[in-house]
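# A structural walkthrough
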There are 2 protein chains.
Amino acid sequence: MSELVNVAVDAMGGDNAPTEIVKGAIEAVKESGKVKVFLVGKENLIKEELKKYQYDEKQVEVVHAGEVIETAEPPVMAIRKKKDSSIVKALYLVKDGVCDAFVSAGSTGATLVGGQVIVGRIKGVERPPLAPLIPTAKGVSLLIDCGANVDARPSHLVQFAKMGSVYMESVMGVKNPKVAIVNIGAEEEKGNALVKETFPLLKSCPDIHFTGSIEARDIPEGAADVIVCEAFVGNVILKMFEGVGGVLIKKVKEGMMTSFRSKIGALLVKPALKNTLKAFDLEAYGGAPLLGLNGLVVKTHGSSKAIEIKNSVLQCITFKEQNINDKIKEKITLED
Amino acid sequence: MSELVNVAVDAMGGDNAPTEIVKGAIEAVKESGKVKVFLVGKENLIKEELKKYQYDEKQVEVVHAGEVIETAEPPVMAIRKKKDSSIVKALYLVKDGVCDAFVSAGSTGATLVGGQVIVGRIKGVERPPLAPLIPTAKGVSLLIDCGANVDARPSHLVQFAKMGSVYMESVMGVKNPKVAIVNIGAEEEKGNALVKETFPLLKSCPDIHFTGSIEARDIPEGAADVIVCEAFVGNVILKMFEGVGGVLIKKVKEGMMTSFRSKIGALLVKPALKNTLKAFDLEAYGGAPLLGLNGLVVKTHGSSKAIEIKNSVLQCITFKEQNINDKIKEKITLED
């Protein structure tokens with residue numbers, strides 16, 4: 001038992017809970033003998049779902065939580081008041097060392113706030129960033145930070161660059177990952193006050209591979225592996241990805257339906273197109289880790305289906321096996 | 001002569017100067033008898049291009065400028081030193097009242113800085129924003145500001161909202177345009193310090209139709225007519241539009257080429273798709289006005305072809321006819 005990676009899963013979080021969440025957790029368990037999932041939430045609902053599957057009982061445990069934090073609730077208050085919620089109970093499993101990681105498709109705010117308040121930050125980490133993987137023409141890049149840390153300071157961004165480098169190198173296997181800071185031009189003298197102050201700090205960082213500024217236009221091309229920015233900008237980048245992608249794909253589909261000729265063509269290109277566009281689907285890459293905590297917290301989309309939950313749970317194995325947190329600790333304290 | 005709208009055009013600006021610039025200017029003149037273009041740049045080169053066309057000579061004038069400001073030059077220095085450049089000379093034509101407007105595909109920095117320094121701001125305008133139109137699922141929205149005004153203050157954003165409303169109402173004919181501020185969530189309490197401070201100011205503005213926050217995801221849907229943000233965020237939005245769009249369209253094309261079946265399909269859908277995607281082409285909408293100056297300055301893409309130059313020149317007619325600057329003056333001074 002001791003060598004299993006223990007992952008708490010918020011069985012009540014997201015639009016498709018508990019059905020898809022339980023399904024994804026079980027799929028993860030079936031795919032890897034290295035993981036045990038702790039399904040946290042309303043016991044009767046979870047057990048009802050579990051009846052659908054056959055699985056190794058040593059790899060699945062149900063932890064009852066009577067409350068659910070809704071997406072619209074103010075996060076700080078929700079974490080404080082709803083002690084019996086799936087998010088709070090799951091986070092305590094991580095804090096108390098029962099679990100190594102927590103995966104949630106529920107309230108982003110509560111997951112982020114709870115992660116910091118309950119699980120706590122690694123000593124030296126100023127702000128834990130939320131760092132989703134985004135698809136690019138070349139593969140994936142890590143966008144760090146997309147979390148709740150608005151109005152960040154230069155020292156935060158430097159830590160994001162270091163933590164992001166550790167993640168891309170150790171979890172994604174990218175050797176010497178290229179780090180770039182989001183800017184409004186390629187030249188060093190461009191940018192707002194935050195970027196201008198951060199740029200020389202990143203440039204003089206000995207333990208990252210800083211390549212300079214990146215314009216938003218070049219992010220989808222895959223011009224860097226670790227894209228550093230403060231959370232407001234990161235959020236805008238992530239959501240423009242979703243928004244432009246969604247509208248364009250809708251337009252392409254509409255365009256194909258405008259004439260008889262194009263309708264026939266659409267039938268012929270459909271299977272090939274589906275494969276191509278799948279590579280550009282943000283949800284295919286599992287959840288976004290909240291880095292720099294004493295444990296791993298992974299936030300998946302509210303609309304997560306089983307596949308995203310499964311990928312997120314499996315991601316926790318690599319995270320544990322690669323000792324990411326020890327590596328982060330080392331990089332951050334080096335600085336101090 | 002006096003009723004003609006006089007537009008100075010930077011014949012040396014952009015990747016396709018002077019050929020496409022002169023072509024676009026002449027096309028504008030042929031399309032509208034209301035405009036006169038002043039082609040500013042190297043006389044011999046411009047005259048060489050002009051030989052290709054037949055046009056009403058009363059509508060075209062060549063103004064010699066011996067220097068060119070390159071894109072890479074630091075803008076402030078370039079404006080100060082290159083007095084004989086096409087940008088500086090054209091801006092003086094506007095300042096001196098010879099021309100009503102200036103269209104440039106050249107250095108963005110020099111055009112923005114020069115616009116402020118040479119043409120000057122309308123009294124009361126704190127910062128002139130650059131405001132491109134972006135294509136959406138419903139039509140177009142005005143993204144304001146995408147210029148050089150990083151680290152804006154709340155009062156600047158309020159002025160952007162007012163100027164943007166005037167533009168969308170008077171130039172684009174949108175009645176009572178919906179104004180939204182870019183934010184990382186729909187709730188009023190979300191956002192960074194700038195947005196939190198600006199939100200109540202916009203809310204209490206009597207002369208705009210403020211609808212609250214807009215998430216970046218909803219911008220391509222066309223959820224608001226005037227999208228207010230500070231320049232760094234605006235730049236990221238604009239360039240994500242270009243970047244995601246470019247990569248996705250490339251992927252769609254590649255996807256169509258993966259099998260024999262899909263290649264046949266591609267031939268059939270091509271004409272229909274081309275039309276749809278044209279509606280999503282950022283360059284189809286002419287240039288971005290720099291609002292709040294004593295005159296109009298329009299910045300087009302560096303890669304502008306004749307069509308964008310033509311549309312930008314024609315846009316200046318509406319701007320003049322609708323007395324946009326008088327309306328801006330009125331809205332801004334109301335506030336004081």
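As a reminder, the structure under discussion sits directly above these lines.
This one's a predicted model, so the numbers in the text were calculated from it and none came from an experiment.

### Digging into the nonpolar core
Judged by nonpolar contacts, the single largest core of 180 residues is most densely connected at Val 182 and Ile 219 of chain A together with Val 182 and Ile 219 of chain B. For Ile 219 of chain A, the residues in contact, after removing those within four places along its chain, are Ile 134, Thr 136, Val 182, Ile 214, Ile 227, Ile 237 and Phe 241 of chain A together with Met 240 of chain B.

### A word on the sheet that holds strand β11 (residues 296-299) of chain B
Residues and elements named next belong to chain B. Spatial strand order, β3-β2-β1-β4-β11-β10: six strands in an open sheet with mixed pairing. Edge positions in the sheet fall to β3 (60-64) and β10 (288-290), since each has one partner strand and no second. The average undirected angle you get between the axes of adjacent strands in this sheet is 25°. Sitting on the sheet, helix α1 (residues 19-31) touches β1 (5-10), β2 (35-41) and β3, and the angle it makes with β2 is about 165°. Contacts between helix α5 (residues 108-119) and the sheet are confined to β4 (101-104), β10 and β11, with β11 contributing the most and set at about 175° to the helix.

### Quick notes on the side chain of Glu 20 of chain A
All names here are of chain A. Here Glu 20 lies in helix α1 (residues 19-31). No salt bridge is formed by the buried Glu 20, whose closest oppositely charged neighbour, Lys 23, lies at an N-O distance of 4.7 Å. Residues in contact with Glu 20, not counting those within four places in the same chain, are Ser 304, Lys 305, Ala 306 and Ile 309.

### Here's the deal with a positive patch on the surface
Residue and element names in this part refer to chain A. Among the surface-exposed residues, Lys 253, Lys 270, Lys 274 and Lys 278 lie close enough to one another that they form a single positively charged patch. With three residues, helix α9 (residues 260-278) is the largest single contributor of residues to the positive patch. As for its position among the elements, Lys 278 is in helix α9.

### So, the pairing of strand β2 (residues 35-41) of chain A
All names here are of chain A. With respect to burial, β2 is a largely interior element, seven of its seven residues being buried. Burial along β2 is two-sided: the face carrying Val 35, Val 37, Leu 39 and Gly 41 and the face carrying Lys 36, Phe 38 and Val 40 are both buried. With six bridges connecting them, strand β1 (residues 5-10) and β2 associate as parallel partners. By the bridge assignment, Asp 10 is partnered in β2 with Val 40. Of the crossover connections in this fold, the one passing from β1 over α1 to the parallel β2 is right-handed. Pairing of β2 with strand β3 (residues 60-64) involves five bridges; the strand directions are parallel.

### With respect to the relation of the copies chain A and chain B
For the match of chain A to chain B, the screw axis carries a shift of 0.0 Å, the RMSD comes to 0.1 Å, and the turn is 180°. Within this description, the copies of the chain are treated as partners about a two-fold rotation axis. Considering only C-alpha atoms, the residue of chain A closest to the rotation axis is Gly 265 of chain A, which sits at 1.9 Å. When the interface residues of chain A are mapped onto chain B, 100% of them again fall at the interface, so both copies present the same face.

### Focus on the packing of helix α8 (residues 231-256) of chain B against helix α9 (residues 260-278) of chain B
All names here are of chain B. The N-to-C vectors of α8 and α9 enclose an angle of 155°; their axes lie 9 Å apart at closest approach. By the angle class used here, α8 and α9 are roughly antiparallel. On the side of α8, the interface is formed by Ile 249, Gly 255 and Met 256, while α9 contributes Ser 262, Lys 263, Ala 266, Val 269, Leu 273 and Leu 277. By residue class, the composition of the contact of α8 with α9 is six nonpolar, two polar and one charged.

### Let's talk about the packing of aromatic side chains
Residues and elements named next belong to chain B. For the structure on display, the rule yields four aromatic pairs over all chains. Aromatic pair Phe 199 and Phe 210: ring centres 5.2 Å apart, planes at 75°, arrangement edge-to-face. With Phe 199 in helix α7 (residues 193-203) and Phe 210 in strand β8 (residues 209-215), this residue pair connects regions lying 11 residues apart in the sequence. Overall, the relative accessible area of 6% leaves Phe 199 in the buried class.

### Some remarks on the sheet that holds strand β11 (residues 296-299) of chain A
The pairing of strands in a sheet comes from backbone hydrogen bonds and takes either a parallel or an antiparallel form. Residue and element names in this part refer to chain A. Overall, mixed pairing links the six strands, which are arranged β3-β2-β1-β4-β11-β10 in an open sheet. The open sheet is flanked by β3 and β10 (288-290), the only strands paired with a single partner. Strand after strand, the sheet turns through a mean of 25° between neighbouring axes, direction not considered.

### Things to note about the pattern of salt bridges
Scanning the model with the defined rule gives 34 salt bridges over all chains in all. We note a salt bridge from Lys 320 of chain A to Asp 100 of chain A, for which the minimum N-O separation is 3.3 Å. With Lys 320 of chain A in helix α10 (residues 306-321) and Asp 100 of chain A in the loop between α4 (86-95) and β4 (101-104), this residue pair connects regions lying 220 residues apart in the sequence. The partly exposed category is assigned to Lys 320 of chain A, whose relative accessible area is 37%. The salt bridge partner of Glu 215 of chain B is Lys 239 of chain A, with a shortest N-O separation of 2.3 Å.

### A few points about the interface of chain A and chain B
Listed by partner, the interface residues are 50 residues for chain A and 50 residues for chain B. Taken over both partners, the interface formed by chain A and chain B buries close to 4,800 Å², and the fraction arising from carbon and sulfur atoms is 75%. Counting the surface chain A buries against chain B, the share from its top three residues, Ile 184, Phe 232 and Met 240 of chain A, is 14%. In this structure, the connection of chain A to chain B is made through six salt bridges.

### Examining the side chain of Glu 230 of chain A
Inspection of the secondary structure assignment puts Glu 230 of chain A in the loop between β9 (226-228) and α8 (231-256). Within the buried core, Glu 230 of chain A has no salt-bridge partner, and the shortest N-O distance to an opposite charge, that of Arg 127 of chain A, equals 6.8 Å.

### A few points about the environment of Ile 134 of chain A
Residues and elements named next belong to chain A. By the secondary structure assignment, Ile 134 is in strand β5 (residues 133-135). By relative accessible area, Ile 134 is classed as buried at 0%. Sequence separation between Ile 134 and Asp 225 is 91 residues; the distance between their C-alpha atoms is 9.9 Å.

### Examining the pairing of β8 of chain B
Residue and element names in this part refer to chain B. The buried fraction of β8 amounts to five of the seven residues, a majority that puts the element mostly inside the structure. Sheet topology places strand β7 (residues 178-183) next to β8; six bridges connect them, and they run parallel. Looking at β8, one finds that Ile 181 is bridged to Ser 213.

Calculation criteria
- Residues numbered from 1 in each chain as written.
- Chains lettered and ligands numbered in written order.
- Predicted model: local features only at pLDDT ≥ 70, side-chain atom pairs only at ≥ 80, totals over all residues.
- Heavy atoms only, no water.
- Core = buried A, V, L, I, M, F, W, Y, C linked by side-chain atoms within 4.5 Å.
- Buried < 20%, exposed > 50% of the residue type's maximum accessible area, 1.4 Å probe, protein only.
- Contact = heavy atoms within 4.5 Å.
- Pairing = 2+ DSSP bridges.
- Helix = DSSP H or I, 4+ residues; strand = E, 2+ residues; numbered from the N terminus.
- Axes fitted to C-alpha atoms, helices over the stretch in contact; angles between N-to-C directions.
- Lys, Arg positive; Asp, Glu negative; His and termini not counted.
- Salt bridge = Lys/Arg side-chain N within 4 Å of Asp/Glu carboxyl O.
- Patch = residues over 30% accessible without salt bridge, like charges linked within 9 Å, V, L, I, M, F, W, Y side chains within 5 Å.
- Areas by Shrake-Rupley, 256 points an atom, 1.4 Å probe, with all protein chains shown as cover.
- Charge placed at Lys NZ, Arg CZ, Asp CG, Glu CD.
- Right-handed = clockwise from strand over helix to strand, strands pointing away.
- Least-squares fit on C-alpha atoms with pLDDT ≥ 70 in both.
- Parallel < 35°, antiparallel > 145°, perpendicular 65-115°, else oblique.
- Nonpolar A, V, L, I, M, F, W, Y, C, P; charged D, E, K, R; others polar.
- Phe/Tyr/Trp six-rings, centres within 6.5 Å; stacked < 30°, edge-to-face > 60°.
- Buried area = accessible area lost by both parts, 1.4 Å probe.

Fair warning: the whole summary comes from geometry, so function is off the table for now.
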